[in-house]
Structures are given as C-alpha cells and as structure tokens.
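# Structural characterization, general
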Amino acid sequence: LRRIVVLATHRHARVSIAPDAYLGPRFSLWIPGAGTLAIGEGVSFRRGFTCEITGEGRVTIGAHTVFTSDALLQCTTSIDIGRNCIFSQSALIVDGNHRFRDPTRPTGAQGFDFRPVRIGDGVGVMAKCTIIGATIGENAFIGANSVVTQDIPAFTLAVGAPAKVVDSFGP
C-alpha cells in the first residue's frame, strides 16, 4: 500500500521502486519538482525513513541496502548509495551546507554550498551519523555519532566529529 501511495503522489517525478523493496512504517517521500528516486531490489526501510529531493536532484539506493530507523536524506544535486550498505538509526545524509558568514543577512537568506554524495558498496554507517557532501569508499565503516564532511577512503574505519580515518583493513 505504501508503494502505491508513493508512486501515485509522485507522478510528476521519476520514482522507481523495486518490487521486493520494503517500505516500512513512516516511509515519507517529498519531491515537489522533477527529481528522481531509484530504489534497488531487496532494499529495506524498516521505519521512519524520510527523503526530500528538490529541483532535479537524484537519489539512487543500491540493492540490498538497509535503513534501520529514522533516517533523513535531503538532496538537491545527487546522493548515490551503493549495494549492501547499512545505515543505523538516525542517519542524516545531505548534499548541502548553509552559508552563514555574512553577518548582515539571516542564515536562511545566504544560500547553500552543494556537493554530491557518493557512498560505495558495502559501507556501514552507524547510529546518529551525519554525512554532508562527501564520498565514502567501498566497505568503509563510519563509527557512531560521527560527522563526515570530507571524503573517506575505501576499507577504512572513520570516527569522530569531524570524522577522521583511524584504521585501515582489507585489500
């Protein structure tokens, strides 16, 4: 039923959802323009997932990726998430930062700086992480409560605010 409602209320946008994707309770999609959302096979949104896509923004989510609870994605350019990723509770993924340095103008009137987000296959993002306009390489692991503002290489563990690589593993 959720899939039918999402597709019916977003005929103006490009929305594709694999037939076996699970859209859990409180799945919410907001695309007022011509944006794109593509959800791969076997993706699971357990509960409380929200995705907001403005303009011609594009969000793609690879097969068998899991969002546990209360994730928020906000996109104006692009957010591309690979296959077999996991996002623990309260993950926030955004492709833009508020400008704020002009003391003569309110923050909301200063605009944004945008940078596409790319998350490789097999990435693990633990609870309460924020990812802002960064690329995360395949099989990287982001520790709980981290804030990712710079690119993270493949096969590394990154933690902290801002997130820094503290270990490497794999090939």
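About the criteria used
- Residues numbered from 1 in each chain as written.
- Predicted model: local features only at pLDDT ≥ 70, side-chain atom pairs only at ≥ 80, totals over all residues.
- Heavy atoms only, no water.
- Helix = DSSP H or I, 4+ residues; strand = E, 2+ residues; numbered from the N terminus.
- Rg over C-alpha atoms; globule rule 2.2 N^0.38 Å.
- Buried < 20%, exposed > 50% of the residue type's maximum accessible area, 1.4 Å probe, protein only.
- Areas by Shrake-Rupley, 256 points an atom, 1.4 Å probe, with all protein chains shown as cover.
- Lys, Arg positive; Asp, Glu negative; His and termini not counted.
- Charge placed at Lys NZ, Arg CZ, Asp CG, Glu CD.
- Pairing = 2+ DSSP bridges.
- Contact = heavy atoms within 4.5 Å.
- Core = buried A, V, L, I, M, F, W, Y, C linked by side-chain atoms within 4.5 Å.
- Phe/Tyr/Trp six-rings, centres within 6.5 Å; stacked < 30°, edge-to-face > 60°.

## Focus: the overall build of the protein
From N to C terminus, the protein includes 1 helix and 22 strands. The C-alpha radius of gyration of the protein comes to 16 Å, within 12% of the 16 Å expected for a compact globule of 171 residues. Its C-alpha atoms give the protein principal-axis dimensions of roughly 50 × 45 × 25 Å. A burial count over the protein gives 44% of its 171 residues as buried. Total accessible area on the protein is roughly 8400 Å²; 55% of this is exposed by carbon and sulfur atoms. In the protein, 16 positive and 13 negative side-chain charges are present, and the distance between their average locations comes to 5 Å.

## So, the sheet that holds strand β10 (residues 78-81)
Read from one edge to the other, the open sheet built from 6 strands follows the order β1-β4-β7-β10-β15-β18, with strand pairing classed as parallel. At either margin of the open sheet sits one strand with a lone partner, and together these are β1 (14-17) and β18 (135-136). Here strand β4 (residues 36-39) pairs with strand β7 (residues 58-61) via 4 bridges, running parallel. When the bridges of β7 are listed, I39 appears paired with I61.

## Considering the environment of V66
Tracing the chain through its elements places V66 in strand β8 (residues 66-69). Along the backbone, V66 and G35 are 31 residues apart, and their C-alpha atoms lie at a distance of 22 Å. Discounting residues that sit within four places of it in the chain, V66 has contacts with S44, R46, C85, I86 and F87.

## Comments concerning the sheet that holds strand β6 (residues 50-53)
Hydrogen bonds between backbone groups are what pair the strands of a sheet, and the pairing can be parallel or antiparallel. With parallel pairing, 6 strands are arranged side by side in an open sheet as β3-β6-β9-β12-β17-β20. Looking at which strands have only one partner, the edges of the open sheet turn out to be β3 (28-30) and β20 (147-148). Here β6 runs beside strand β9 (residues 72-75); their pairing, made up of 4 bridges, is parallel. Bridge pairing links E52 to Q74 in β9.

## Digging into the nonpolar core
Membership of the largest hydrophobic core comes to 42 residues, with the highest contact counts inside it found for I81 and I119. Listed by contribution, the elements that provide at least two residues to this core are β1, β4, β6, β7, β9, β10 and β15 (117-119). Discounting chain neighbours no more than four positions away, the residues touching I119 are D80, I81, G82, C85, F87, I93, I131 and I136.

## Brief notes about the packing of aromatic side chains
Any aromatic ring pair is given by two values, namely how distant the centres are and how the planes are angled relative to each other. Here the structure, examined in full by the defined rule, presents 8 aromatic pairs. Here the aromatic rings of F45 and F67 are separated by 5.4 Å at their centres, their planes lie at 15°, and the arrangement is stacked. Here F45, found in strand β5 (residues 44-47), pairs with F67, found in strand β8; they are 22 residues apart in sequence, far enough to count as distant. Neither F45 nor F67 differs from the other in exposure class; each is buried.

## A look at the side chain of S69
Structurally, S69 can be placed in strand β8. Classification of S69 as buried rests on a relative accessible area of 12%. Residues in contact with S69, not counting those within four places in the same chain, are R47, G48, S88, Q89 and S90.

Note that all results are geometric; they support no functional claim without further evidence.
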